[in-house]
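Each chain is listed here by its residues.
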Amino acid sequence: MDVFGVVVTAVWAMLPAYVPNNAAVLAGGGRPIDGGRTMGDSRLLGDGKTWRGTLVGTLAGLALAILLSMLAPAASDLVGYALPTFPLRAGLGLAFGAMLGDIGASFLKRRSGRERGAAFPGLDQLDFVVGALACAFVLAPSWFGETFTVPVLVAILLLTPLLHVLTNGIAYALGLKNEPW
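Note that the structure is predicted; figures quoted are calculated from it, not measured.

Undergrad: Kindly report on a nonpolar patch on the surface, identifying the contributing residues and their values.
TA: On the surface, Ile66, Leu67, Met70, Leu71 and Leu88 cluster together to form a nonpolar patch covering roughly 490 Å² of accessible area. Tracing the sequence through the fold places Leu71 in helix H3 (residues 51-79).

Undergrad: I'd like a rundown of the packing of aromatic side chains, residues and numbers included.
TA: Inspection of every chain in the model, using the stated rule, returns six aromatic pairs. Plain terms: the ring middles of Phe4 and Tyr81 are 5.9 Å apart, the flat faces sit at 55° to each other, and that makes the pair tilted. Taken together, the positions of Phe4 in helix H1 (residues 3-18) and Tyr81 in the loop between H3 and helix H4 (88-111) put the pair 77 residues apart, joining distant regions of the chain. Judged by its relative accessible area of 19%, Tyr81 is buried. Between Tyr18 and Phe128 the ring centres are 5.9 Å apart and the planes differ by 70°, which places this aromatic pair in the edge-to-face class. Of the two residues, Tyr18 is situated in helix H1 and Phe128 in helix H5 (residues 123-139); the sequence distance between them amounts to 110 residues. In this pair, the class of Tyr18 matches that of Phe128, namely buried.

Procedures and definitions
- For every chain, the first residue of the written sequence is number 1, and numbering continues from 1 along that sequence.
- Two thresholds apply to this predicted model, a pLDDT of at least 70 for residue-level local features and 80 or more for giving and counting side-chain atom pairs, whereas whole-chain, interface and lining totals are computed over all residues.
- Computation of side-chain values: all heavy atoms of the structure, hydrogens and water removed.
- Candidate patch residues must exceed 30% relative accessible area and have no salt bridge, after which like charges are joined if within 9 Å and Val, Leu, Ile, Met, Phe, Trp or Tyr side chains if within 5 Å.
- Surface accessibility in these figures is a Shrake-Rupley result with a 1.4 Å probe; residues are shielded only by whichever protein chains are displayed.
- Salt bridges are counted wherever a side-chain nitrogen of Lys or Arg sits within 4 Å of a carboxyl oxygen of Asp or Glu.
- Counting from the N terminus, the helices are the DSSP runs of H or I reaching at least four residues and the strands are the DSSP runs of E reaching at least two.
- Aromatic rings from Phe, Tyr and Trp, with only the six-membered ring used for Trp, were paired whenever their centres fell within 6.5 Å, and each pair was classed as stacked if the ring planes differed by under 30 degrees, edge-to-face if by over 60, and tilted otherwise.
- Relative accessibility under 20% of the residue-type maximum defines a buried residue, over 50% an exposed one, and the middle range a partly exposed one, all with a 1.4 Å probe and only protein chains included.

Now the structure itself:
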């Protein structure tokens, strides 16, 4: 597969993981997962990680995986590459894993003394990717192996930080985010 095919496959395969955290923000509010508990002088996770956001984000990513599976034949014809479809377990792994990765990053941020919204370069851009890939591997190992070849994984690791910075910068410029990261 050439570079274009690898990039198209990487973005397509990760879309169900790219959407959940944005959908969680749109769901807004709700009961914090940590219930206000602290560890030392800081919250375990903070008010930004809620049960509602986690559920809405997971469902949004899973719904997108189902939609992409339906669109895959036409999209494959359009781009000239066989794009993957998403078995339910793979879609769930990508979506829920993205949420878990972000929750894990929040925990690490609190342990390092960073406040909600504070930048943590590297972690901010790849936390959800690690969670999504790990959960997809556990829930759908055969699909994972077929879809996430080494070139596709490299593309994901290179493109995701760029996409993250670009989309967050746009959201910040539009007044949808309080910080540009």
